[in-house]
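# Chain and residue survey
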Amino acid sequence: MPRPAARVLADGALVLVGAALAGWLLGRAGVPSAALFGGLLAGLVRGLAGRRPLGVPRPAAAASQAVVGVSIGTLVDPATLAALGEDWLPVVLVTLATLLLTVGAGLLLRRQPGISPVTGAFAMIAGGASGITAMARDLGADDRMVAVLQYLRVVLIVVAMPVVATTVYGADPTAGTAVPVEATPGWPAGLLSTAGCAVAGVLLARLVRLPVPALLGPLLVAAAVDLGGLSGGVSVPGPVEAAAFLLIGLQVGLRFTVAALRTVGRALLPALAVIVGLVVACAGLGLVLSAATGVSQLDAYLATTPGGLYAVLATATGTGADATFVLAVQVLRLFVMLLAAPLIARRLRRRPA
């Protein structure tokens, strides 16, 4: 093997090991999406310190998008969505209002130097932070800015949500019950299902010319399999999902430059103010949802919280809230956001600067 190729392989292997170690340490610290953060951190360090550019190979990047798509698609569950019942119309209207709010919040960021309308919108879209980050670059957004601001919002929500739930909505942190663990077919079946949904999804998406085929195709196929009752309860194996998140974070991090880091740094304080305003506005939509459906204000608040799906579910189950309703609303919003993202990007690219 020629020396330059060997050096590139050694460089890539070192970055991967660093990303895996960072992800493990962040996971031990309880950081959400630890694998993605680990990849982002290791890639950022290498991107800023390395003399030669290094990137994630295109096939690996596409495979990681496909795995994330399948992972999101498997969140769909007919029984969970059926929990919406007669409340589906208010839920849909609140979901659309959330979409408009997040896009509007993102457009406020376009006033910051170096942030395009598409980047601002994608940075603020509430729901599916990993999916939005994975598709951002393909749709013309700066995935570095999107990743940082998406996960800034997630971290803020994860930290503040339990406090808000108990102090504002009177949630009892001891009222929850243990969630029964259902038997699953195991990781071999999960791996086979993931591969099948990924391959079929990409092929079908390319056939119908779906935007971001590597992510949206597998997402829709996995969702269809779940809705059709054909999944058998399988899910993406944990190590495979973690590897996909790590590669997505690494792909974003490796593209950081000093100039990009400065742009992100200048945007952090204005973005923080916009994020806080967005979280408060979504809490207001929660009050509207509670009044329209009759669910408790706690349930509605958790259902409309703009991000941190797994932390939201943990809070819901830990406080005795209606976790099924919360999950149904959150999953519906997640799908609406991800499927609307290509349309939003196309629309905003046509807007005059």
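Described below are features of the structure shown in this document. Keep in mind that what you see is a predicted model, and the values were worked out from it rather than measured.

### Quick notes on the overall build of the chain
- Along its length, the chain carries 15 helices and zero strands.
- Over its C-alpha trace the chain gives a radius of gyration of 20 Å, about what one expects of a compact globule, namely 20 Å for 353 residues.
- The dimensions of the chain, computed from C-alpha atoms along their principal axes, are 65 × 50 × 40 Å.
- When the 353 residues of the chain are sorted by exposure, 47% land in the buried category.
- Here the analysis covers contacts within the chain between residues at least 6 apart in sequence; of these, 76% occur between residues at least 24 apart.
- Carbon and sulfur atoms make up 68% of the accessible area of the chain, which totals about 16600 Å².
- A distance of 24 Å separates the average location of the 23 positive side-chain charges in the chain from that of its 13 negative side-chain charges.

### Overview of the nonpolar core
- Ranked by internal contacts, the top residues of the largest apolar core, which has 93 residues, are Phe122, Met124, Met135, Leu215, Leu302, Phe335 and Ile344.
- At 12 residues, helix α15 (residues 323-350) tops the list of elements feeding residues into this core.
- Dropping the residues within four chain positions of it, Leu302 is found in contact with Met161, Val312, Thr315, Ala316, Ala321, Val326 and Gln330.
- By size, the runner-up hydrophobic cluster in this structure holds 11 residues, among which are Leu84, Val91, Leu289 and Phe325.

### A look at helix α14 (residues 309-319)
- Among the residues making up α14, those that are buried are Leu309, Val312, Leu313, Thr315, Ala316 and Thr319. End-on, the buried residues of α14 take up no more than an arc of 160 degrees, which puts them together on one face.
- Buried residues along α14 sit in contact with α8 (143-167), α13 (297-304) and α15.
- Phi turns positive, to about 80 degrees, at Gly320, one or two residues after α14.

### Things to note about the pattern of salt bridges
- Scanning the model with the defined rule gives three salt bridges in all.
- Residue Asp11 pairs with Arg46 through a salt bridge whose shortest N-O separation is 2.7 Å. Of this pair, Asp11 sits in helix α1 (residues 3-28) while Arg46 sits in helix α2 (residues 34-49), and the two are 35 residues apart along the sequence.

### Considering the side chain of Arg144
- With respect to the element layout, Arg144 can be found in helix α8.
- Looking at Arg144, its side chain comes within polar contact range of the side chain of Asp142, at 3.0 Å.
- Not counting residues within four places of it along the chain, the set of residues in contact with Arg144 comprises Val252, Arg255, Phe256, Thr257 and Ala260.

### Some points on unusual backbone geometry
- Of note, the phi angle at Arg209 is positive, near 60 degrees, even though the residue is not glycine.
- When its relative accessible area of 76% is taken as the criterion, Arg209 is described as exposed.
- Located in the positive-phi region is Val212, a residue other than glycine, with phi close to 45 degrees.
- Following the sequence through the fold, Val212 ends up in the loop between α9 (187-207) and α10 (213-227).

### What about α8?
- Compared with an ideal rise of 1.5 Å per residue, which puts 25 residues at 36 Å, α8 spans 36 Å between its outermost C-alpha atoms and is within 8% of the ideal.
- Of all the bends found along α8, the most pronounced is centred on Ala160 and spans about 40 degrees, while Pro162, a proline, follows it within four residues.

### A short note on the packing of helix α5 (residues 88-108) against helix α12 (residues 258-293)
- It is the contact of α5 with α12, at a shortest axis distance of 10 Å, that shows an interaxial angle of 165 degrees. Taken together, the axis directions place α5 and α12 in an arrangement best described as roughly antiparallel. The handedness of the crossing between α5 and α12 is right-handed. For the pair formed by α5 and α12, the contact residues are Pro90, Val91, Val94, Ala97, Thr98, Leu101, Thr102, Ala105 and Leu108 on the first element and Val274, Leu278, Ala281, Cys282, Leu285, Leu289, Ala292 and Thr293 on the second.
- Residues of the contact of α5 with α12, tallied by class, amount to 14 nonpolar, three polar and no charged.

### Observations regarding the packing of aromatic side chains
- A complete count under the given rule lists two aromatic pairs for this structure.
- Relative to Tyr151, the ring of Phe37 has its centre 5.1 Å away and its plane inclined at 65 degrees; by these criteria the two rings are edge-to-face. In this pair, Phe37 is assigned in helix α2 and Tyr151 in helix α8, connecting sequence segments 114 residues apart.
- Judged by its relative accessible area of 3%, Tyr151 falls in the buried class.
- For the ring pair Tyr169 and Tyr301, a centre distance of 4.7 Å and an interplane angle of 20 degrees mean the geometry is stacked.

### Looking at the environment of Ala60
- Examined against the element boundaries, Ala60 turns out to sit in helix α3 (residues 58-73).
- Accessibility expressed as a relative area gives 24% for Ala60, which makes it partly exposed.
- Between the C-alpha atom of Ala60 and that of Ala244, which follows or precedes it by 184 residues, the distance is 8.7 Å.

### Notes on a nonpolar patch on the surface
- Together, Leu156, Leu269, Leu272, Val276 and Val280 line one region of the surface with nonpolar side chains, adding up to about 440 Å² of accessible area.
- Looking at the nonpolar patch, the element that brings in the most residues is α12, giving four residues.
- Secondary-structure assignment places Leu269 in helix α12.
- A relative accessible area of 67% places Leu269 in the exposed class.

### Here's the deal with the side chain of Gln65
- Within the fold, Gln65 resides in helix α3.
- Reaching out from Gln65, the side chain makes a polar contact with the backbone oxygen of Ala134 at a distance of 2.6 Å.
- Each residue touching Gln65, except ones within four places of it in the same chain, is listed here: Ala134, Met135, Asp138, Val212, Ala214 and Leu215.

About the cut-offs
Residues numbered from 1 in each chain as written. Predicted model: local features only at pLDDT ≥ 70, side-chain atom pairs only at ≥ 80, totals over all residues. Heavy atoms only, no water. Helix = DSSP H or I, 4+ residues; strand = E, 2+ residues; numbered from the N terminus. Rg over C-alpha atoms; globule rule 2.2 N^0.38 Å. Buried < 20%, exposed > 50% of the residue type's maximum accessible area, 1.4 Å probe, protein only. Contact = heavy atoms within 4.5 Å. Areas by Shrake-Rupley, 256 points an atom, 1.4 Å probe, with all protein chains shown as cover. Lys, Arg positive; Asp, Glu negative; His and termini not counted. Charge placed at Lys NZ, Arg CZ, Asp CG, Glu CD. Core = buried A, V, L, I, M, F, W, Y, C linked by side-chain atoms within 4.5 Å. Arc of directions from axis to C-beta. Salt bridge = Lys/Arg side-chain N within 4 Å of Asp/Glu carboxyl O. Polar contact = N/O pair within 3.5 Å; in protein donor to acceptor, adjacent residues only side chain to side chain. Expected span 1.5 Å × (residues − 1). Bend = angle between axes of the 7 residues up to and from the residue. Axes fitted to C-alpha atoms, helices over the stretch in contact; angles between N-to-C directions. Parallel < 35°, antiparallel > 145°, perpendicular 65-115°, else oblique. Left-handed = near helix turned anticlockwise from the far one by under 90°. Nonpolar A, V, L, I, M, F, W, Y, C, P; charged D, E, K, R; others polar. Phe/Tyr/Trp six-rings, centres within 6.5 Å; stacked < 30°, edge-to-face > 60°. Patch = residues over 30% accessible without salt bridge, like charges linked within 9 Å, V, L, I, M, F, W, Y side chains within 5 Å.

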